[in-house]
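# Summary of the model geometry
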Amino acid sequence: MALPRKGARRIVVDRTTYRWRLRHRPTYAQAMAWTACTFAVEHAGTPGTTPAVTTGHAHPGNRLGHAPVPVRPSDVAEAVRHALAKGWTPTNRGSPFRLDTAGD
């Protein structure tokens, strides 16, 4: 499933353009700090498989006051490189590629 253009940010990693998006409103589980913050990335030219990257930090919109850690473009670039090293092919269609960066 492709990312909506509205709210997606552009990033260039190793001369390839991607779009990434952090969900504006947290899911209920993220708001209650039961699950970590996630963001999605896709190839900007030919969207295919979208990796769902779990950060291991609280979502900025959590309701319990846990201190969120912002998702910076450098974090997204590192996640893209990590996903590519783990076998993500951004232009091939398929189910979402799950990537957990919580331990990194």
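Scope of this entry: the structure provided in the associated data block. (Residues numbered from 1 in each chain as written. Predicted model: local features only at pLDDT ≥ 70, side-chain atom pairs only at ≥ 80, totals over all residues. Heavy atoms only, no water.)

Turning our attention to the nonpolar core. In this structure, Phe39, Val41 and Val76 are the most contacted members of the largest nonpolar core, which totals 17 residues. Broken down by secondary-structure element, the contributors of at least two residues to this core are β1 (9-13), β2 (16-22), β3 (38-43), α2 (73-85) and β5 (97-100). Residue contacts for phenylalanine 39: discarding those within four places in its chain leaves Trp20, Arg21, Leu22, Pro51, Ala52, Val53, Thr55, Val71, Val76 and Ala79. (Core = buried A, V, L, I, M, F, W, Y, C linked by side-chain atoms within 4.5 Å. Buried < 20%, exposed > 50% of the residue type's maximum accessible area, 1.4 Å probe, protein only. Helix = DSSP H or I, 4+ residues; strand = E, 2+ residues; numbered from the N terminus. Contact = heavy atoms within 4.5 Å.)

To continue, consider the packing of aromatic side chains. This structure, assessed with the given rule, holds three aromatic pairs. The interplanar angle of 35° and the centroid separation of 5.8 Å between the aromatic rings of tyrosine 18 and tryptophan 88 together place this pair among those described as tilted. Here tyrosine 18, found in strand β2, pairs with tryptophan 88, found in the loop between α2 and β5; they are 70 residues apart in sequence, far enough to count as distant. The class for tryptophan 88 is buried, based on a relative accessible area of 3%. A centroid spacing of 6.0 Å and a plane angle of 75° characterise the contact between tryptophan 20 and phenylalanine 39, whose relative ring orientation is edge-to-face. With tryptophan 20 in strand β2 and phenylalanine 39 in strand β3, this pair connects stretches of sequence that are 19 residues apart. (Phe/Tyr/Trp six-rings, centres within 6.5 Å; stacked < 30°, edge-to-face > 60°.)

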